[in-house]
Amino acid sequence: MFKEFLNARYLAWHILIALALAIIVAALIRWRISNAETLTTITSWIGIFGTLFINALKMVVVPLVFAAIAVGVAGMASQKSFGRIGSKTIALYLVTGFIAIFTGLILVNVIQPGNMQIEHAQALVDSIEGTDAQSNMAARIEGRSWWDLVQIIVRAVPPNIFDALTNNGGLLAIIFVAVVFGFFTTKLTGAVRETIDNLWQGMYDVTIAVTLWIIRFAPIGVFALVTVIIVGTGFSAFKPLFWFVLTVLLALALHFFVWLPLMQVFLARVNPFKYYGKVAKAQLTAFSTASSSATLPVTIKSAQDAGVSKRTSSFVLPLGATVNMDGTALYECVVVIFIAQIYSVVSGVEFGFIEQLLVVLLALVTSIGVAGVPAASLVAITLILGVLELPAEWLAIILAVDRILDMCRTSTNVTSDLTIAAIVARSEGEELPEVKAA
């Protein structure tokens, strides 16, 4: 019985057990050890296994993205097919992004986590004045402007293909190059076409095989990553920011457990319980790594386990890991309005309806340009705060809880990608029999 449970098909349960053990071990470490130097030593040793796991996942990201996109585009026999699937994917990404942002907008206005007594608001602001957190945040935002967003578009067309293929942070450029090469592969004929097709397919198959091997170590990596985070941050930071954290978690939960499942039922015609069961490994990996890019190999494999074809998953999911950030967009909206509410209490300046609509638009635009790595959304939030003339340094208020919330919103990002993959697959005539709704 126990030997059977160790089988790879129970990996999602292994990861859940690792998460539970991480919480218990981290709590015991914080309870029993108070010496800061000892804590640092312990977390450094535990963190090695988490770093190895993330590095291993990142190792296969670039070859997998390139090969998956090239195979997917080349598999779409005509330009018409490529354009049809591409337009569906982008349209769905925009729709889910708006739904996520408006969910956050409604809840942050209903709960109003930043609308507190003036002495509490002032104390919260004063608590970060002159701290390392504020200094670090000031260093992060120095020199940031809208030009950074323009440069994201510019960097999508790389001047050096080989340089782009060695940069995990330049997935948009890798996607562009892969789309171009994959598309023009369809223009070749004869033996040359067959050779190039086999090259992309071989690269894809090898990368998936390596990914499957890496995933077997996920419970160890998850345990290490979560333990280090909880030992480092603890739970004390949640107390002064309780209502903010609650707002974010409720909004993410509503999107994760209500809106996305409804889209799965009515648009993809799949059973959400069955579908989430099939993709749980990707959701849990996203939660532990807080990186949709690092999770991408697991995301593609999970979608294919659920019945989404290689042709669809290899195009939709790499694109989603770069441009579809529902949880991030939602979080940006809540953070900006939370800070605006505190600013209104302290300064008496009202944050009106027009400003909130601007936040919605800016959150959608900036979330598209956010890299799929931990804490990347903080840079986008500083840009929004600057446009609205709110104190960007106040972003340091939420830094203590950002990492935990980052894990939650990354899992939402990946789940949205997987939902859209199922919808696109269904619209292309794929049945997904293992998760099909009754």
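Refer to the structure above for everything that follows.
Residues numbered from 1 in each chain as written. Predicted model: local features only at pLDDT ≥ 70, side-chain atom pairs only at ≥ 80, totals over all residues. Heavy atoms only, no water.

*Asks:* How should the overall build of the protein chain be read in this particular structure?
*Replies:* If you tally the helices and strands in the protein chain, you get 19 helices and zero strands. The burial tally for the protein chain puts 52% of its 438 residues in the buried class. Contacts in the protein chain between residues at least 24 apart in sequence constitute 84% of all its contacts with a sequence separation of at least 6. As displayed, the protein chain offers around 19400 Å² of accessible surface, 68% of which is attributable to carbon and sulfur atoms. (Helix = DSSP H or I, 4+ residues; strand = E, 2+ residues; numbered from the N terminus. Buried < 20%, exposed > 50% of the residue type's maximum accessible area, 1.4 Å probe, protein only. Contact = heavy atoms within 4.5 Å. Areas by Shrake-Rupley, 256 points an atom, 1.4 Å probe, with all protein chains shown as cover.)

*Asks:* Looking at this model, I keep getting lost on a nonpolar patch on the surface. Mind explaining?
*Replies:* Together, Ile90, Leu94, Phe98, Phe102, Phe353, Ile354, Leu357 and Ile368 line one region of the surface with nonpolar side chains, adding up to about 720 Å² of accessible area. Here Ile354 falls in the exposed class, since its relative accessible area comes to 62%. (Patch = residues over 30% accessible without salt bridge, like charges linked within 9 Å, V, L, I, M, F, W, Y side chains within 5 Å. Salt bridge = Lys/Arg side-chain N within 4 Å of Asp/Glu carboxyl O.)

*Asks:* Would you explain the side chain of Ser411 in this entry?
*Replies:* Tracing the chain through its elements places Ser411 in helix 19 (residues 399-427). Ignoring sequence-local partners within four residues, the contact set of Ser411 consists of Phe256, Gln283, Ala286 and Phe287.

*Asks:* Can you help me understand the packing of aromatic side chains in this one?
*Replies:* Two descriptors summarise a pair of aromatic rings, namely the distance from one centre to the other and the angle between the planes of the rings. For the structure on display, the rule yields 11 aromatic pairs. The cationic tip of Arg32 hangs over the ring face of Trp31; the distance from NZ or CZ to the ring centre is 5.4 Å. The ring of Tyr331 has Arg409 lying over it, and the distance from NZ or CZ to the ring centre is 3.8 Å. (Phe/Tyr/Trp six-rings, centres within 6.5 Å; stacked < 30°, edge-to-face > 60°. Lys NZ or Arg CZ within 6 Å of the ring centre and 35° of its normal.)

*Asks:* Would you mind going over the packing of helix 14 (residues 292-305) against helix 19 with me for this structure?
*Replies:* Angle between the axes and distance between the axes are the two parameters that describe a pair of packed helices. Interhelical geometry of helix 14 versus helix 19 gives an angle of 40° and a closest axis separation of 11 Å. Here the hand of the crossing between helix 14 and helix 19 comes out right-handed. Residues Ser292, Thr295, Thr299 and Ala303 of helix 14 lie in contact with helix 19, whose contacting residues are Thr410, Val414 and Leu418. Grouping the constituent residues of the contact of helix 14 with helix 19 by class yields three nonpolar, four polar and no charged. (Axes fitted to C-alpha atoms, helices over the stretch in contact; angles between N-to-C directions. Left-handed = near helix turned anticlockwise from the far one by under 90°. Nonpolar A, V, L, I, M, F, W, Y, C, P; charged D, E, K, R; others polar.)

*Asks:* In this structure, what is going on with the side chain of Asp417? I would like to understand it.
*Replies:* Here Asp417 lies in helix 19. The buried charged residue Asp417 lacks any salt bridge partner; its closest oppositely charged side chain belongs to Arg409, at an N-O distance of 13 Å. Apart from residues lying up to four places away in sequence, Asp417 is in contact with Tyr93, Val316, Leu317, Gly320, Ala321 and Asn324. (Lys, Arg positive; Asp, Glu negative; His and termini not counted.)

*Asks:* Would you take a moment to explain the nonpolar core for this structure?
*Replies:* What tends to happen in soluble globular proteins is that the nonpolar side chains get buried as a cluster. Membership of the largest hydrophobic core comes to 86 residues, with the highest contact counts inside it found for Ile69, Tyr204, Tyr275 and Leu418. Looking at this core, the element that brings in the most residues is helix 3 (residues 36-75), giving 18 residues. Those residues in contact with Tyr204 that sit more than four places away from it in its chain are Leu64, Ala67, Ala68, Val71, Ile300, Gln304 and Lys310. (Core = buried A, V, L, I, M, F, W, Y, C linked by side-chain atoms within 4.5 Å.)

*Asks:* Please clarify how helix 5 (residues 118-126) should be interpreted in this entry.
*Replies:* Given 3.6 residues per helical turn, the α-helix brings residues three or four places apart onto the same face. Listed in full, the buried residues belonging to helix 5 are Ala121, Leu124 and Val125. Axial view of helix 5: buried residues confined to an arc of 100°, hence all on one face. In this structure, the buried side of helix 5 is in contact with helix 16 (326-347). (Arc of directions from axis to C-beta.)

*Asks:* Sorry, what's going on with the packing of helix 5 against helix 16 here?
*Replies:* Viewed as axis vectors pointing N to C, helix 5 and helix 16 meet at an angle of 120°, and their least axial separation amounts to 9 Å. The element helix 5 and its partner helix 16 pack so that their crossing is left-handed. Between helix 5 and helix 16, the residues in contact are Ile118, Ala121, Gln122, Leu124 and Val125 and Phe338, Ile342, Val345 and Val346, respectively. Split into classes, the residues belonging to the contact of helix 5 with helix 16 amount to eight nonpolar, one polar and no charged.

*Asks:* Looking at this model, I keep getting lost on the pattern of salt bridges. Mind explaining?
*Replies:* Close approach of charged atoms allows side chains of opposite charge to pair. Summed over all chains, the structure comprises 11 salt bridges. Here Arg311 and Glu428 are joined by a salt bridge, their closest N and O atoms 3.8 Å apart. Taken together, the residues Arg311 in helix 15 (residues 310-323) and Glu428 in the segment after helix 19 connect sequence positions 117 residues apart. When its relative accessible area of 26% is taken as the criterion, Arg311 is described as partly exposed. The residue Arg409 makes a salt bridge to Asp402 at a minimum N-O spacing of 3.2 Å. Salt bridges linked by common partners bring Arg84, Lys88, Arg311 and Glu428 together as one network.

*Asks:* Where do I start with the environment of Tyr331 in this structure?
*Replies:* Its location among the elements puts Tyr331 in helix 16. With relative accessibility at 0%, the residue Tyr331 sits in the buried group. Along the sequence, Tyr331 and Ser377 sit 46 residues apart, while their C-alpha atoms lie 8.5 Å from each other.

*Asks:* Which parts of the structure should I look at to understand unusual backbone geometry?
*Replies:* Trans is the prevailing form of peptide bonds, just as negative phi is the prevailing case for residues other than glycine. One non-glycine residue with positive phi stands out, namely Ala290, at about 55°. Positive phi values are uncommon outside glycine, yet Glu389 reaches one of about 60°. Mapped onto the elements of the fold, Glu389 is located in the loop between helix 18 (377-387) and helix 19.

*Asks:* Would you mind going over the environment of Val228 with me for this structure?
*Replies:* In this structure, Val228 sits in helix 11 (residues 218-233). C-alpha separation for the pair Val228 and Ile23, spaced 205 residues apart in sequence, amounts to 9.8 Å. Setting aside residues up to four positions removed in sequence, Val228 forms contacts with Thr43, Ile46 and Gly47.

Geometry only, nothing functional implied.
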